[in-house]
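Take a look at the letters that make up each chain.
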Amino acid sequence: MSSPLFPLQDQLKGFSRALFSTWIYHKRFNILFDCGEGVATSLLNRVFGIRRVFLSHGHADHIAGLVNLLNIRNLGAGDQTAPLQIYYPNNNKLLEYMLDYLTRTQKDLSFELTWIPLEPGQIIKLEDQKGYLYIKTFETKHSQRQLSLGYNIIETRRRLKPEYTGLTQNELNRIIWEKGKEEVAENFDKIIFSYGGDSKPIEPSDIKDSLFLCHEATYLSQEDDERDFQQHSFLEEVLVNAKEANVETLLLIHTSLRYNLEEIYDFVNNTKLKLGITNKVVILFGEYFIDTDQPLMIKKYKNRSKPMTNNNSEEGNVR
């Protein structure tokens with residue numbers, strides 16, 4: 001069995017293109033982050049594995065898939081009784097309109113559906129997961145009128161106290177024998193996954209030392225935001241923020257359709273070289289995860305995404 005090209009390659013499935021649709025499913029935790037159009041169509045019966053949905057904000061490209069997701073879980077060939085919890089930014093009017101619509105149209109669900117509003121800094125324990133895990137929300141900067149949220153999956157781990165580093169195992173064993181395990185070890189919280197939805201650059205302090213960050217990069221440069229919406233990020237500042245936050249792996253999402261994959265790939269690597277950035281960077285381009293350390297992935301992507309042609313028709317005609 002070949003090793004993954006990048007961390008979490010075997011755990012994540014998703015789709016993201018600016019304006020059209022964004023969603024990421026983390027299979028280990030049975031969590032769906034955002035619910036853009038096409039979730040159920042892509043995951044098929046795997047939608048029954050979803051136990052929690054965390055919505056970042058109420059724009060259509062992040063919530064349009066909710067209607068079909070609930071419908072398939074209610075009628076499809078799977079565990080139709082599995083409960084589903086949907087978390088969303090509190091008092092977000094666009095999401096409340098969707099909640100109202102679904103409440104009116106999905107009255108006879110076969111499973112328990114719970115809508116849970118959230119505020120920044122709120123903690124949600126993942127008690128159905130192994131180990132001590134929880135999600136903590138943080139505020140993002142996207143729409144001035146509506147609250148938008150990002151999410152950190154945090155794991156409480158154990159480590160040796162700093163004052164005991166460098167001791168031999170025999171020395172540690174002696175201290176443990178005399179004073180107990182709690183004397184030499186301490187708990188610490190580690191961000192193992194971060195998701196930001198759409199936003200301006202996330203505050204580095206909110207994602208400090210994250211092992212895996214999903215961050216939008218709608219534009220390659222600030223000048224490309226011709227309408228000056230100032231609601232999205234451009235690539236260089238995202239890379240700089242990831243470096244400052246000491247993020248291990250950065251997944252770029254929500255890239256604009258104006259750019260082809262080669263443009264994004266080249267911009268990432270040129271900027272990393274220029275600024276001395278060493279973070280691992282992966283691109284979610286549509287449904288494809290592209291590791292920017294693997295040049296051959298561009299060629300493989302182009303081969304997979306070529307349209308089929310009709311051999312009986314004139315050359316170049318697409319079926």
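In this numbering scheme, every chain counts its residues from 1 along its sequence in written order. Given that this is a predicted model, residues contribute local features only at a pLDDT of at least 70 and side-chain atom pairs are listed and counted only at 80 or more, while totals for whole chains, interfaces and linings are drawn from all residues. Note that the side-chain values use all heavy atoms of the structure and ignore hydrogens as well as water.

Caption draft 1: Spatial organisation of the sheet that holds strand β8 (residues 133-140). Criterion used throughout: strands pair if DSSP finds at least two bridges between them. Under the scheme used here, helices are H or I runs from DSSP no shorter than 4 residues and strands are E runs no shorter than 2 residues, and both carry numbers assigned from the N terminus. Strand order in this open sheet of eight strands is β7-β8-β9-β10-β11-β12-β13-β14, and the pairing throughout is mixed. Of all the strands in the sheet, the pair left with one neighbour each is β7 (123-125) and β14 (288-291). Adjacent strand axes in the sheet meet at a mean angle of 30 degrees, parallel and antiparallel pairs treated alike. Pairing of strand β9 (residues 148-160) with strand β10 (residues 185-195), which is carried by 10 bridges, proceeds in the antiparallel orientation. By the bridge assignment for β10, Leu160 is matched with Ala185. In this analysis, axes come from line fits to C-alpha atoms, helices being fitted only over the stretch in contact, and the angle between any two N-to-C directions falls in the range 0 to 180 degrees.

Caption draft 2: Main features of the pairing of strand β2 (residues 21-26). Here β2 lies mainly inside the structure; six of its six residues are buried. Buried, partly exposed and exposed residues are distinguished by accessible area as a fraction of the type maximum, computed with a 1.4 Å probe on protein chains only: under 20%, between the cut-offs, and over 50%, respectively. Side chains Ser21, Trp23 and Tyr25 project from β2 onto one buried face, and the interleaved Thr22, Ile24 and His26 project onto a second face that is buried too. Pairing geometry for strand β1 (residues 12-17) and β2, over six bridges, is antiparallel. Bridging from a neighbouring strand, Ser16 pairs with Thr22 of β2. Hairpin connection between β1 and β2: a loop of three residues separates the two successive antiparallel strands, and Leu19 in this loop has a positive phi of roughly 80 degrees. Hairpin connection of β2 to strand β3 (residues 31-33): four residues between the antiparallel strands, including Asn30 at a positive phi of 55 degrees.

Caption draft 3: Main features of the pattern of salt bridges. Salt bridges are defined as contacts in which a side-chain nitrogen from Lys or Arg sits within 4 Å of a carboxyl oxygen from Asp or Glu. Tallying each qualifying case throughout the model produces 12 salt bridges. With a shortest N-O distance of 2.9 Å, Arg157 and Glu155 are connected by a salt bridge. Taking relative accessible area as the criterion, Glu155 reaches 16% and is therefore assigned buried. Ionic pairing is found between Arg159 and Glu186, a salt bridge with its closest N-O pair at 3.2 Å. Residue Arg159 is located in strand β9, and its partner Glu186 is located in strand β10; the two are separated by 27 residues in the primary sequence. With a relative accessible area of 41%, Arg159 lands in the partly exposed category. With relative accessibility at 24%, the residue Glu186 sits in the partly exposed group. Each of Lys272, Lys280, Asp291 and Asp293 takes part in salt bridges that share partners, so that together they form one network.

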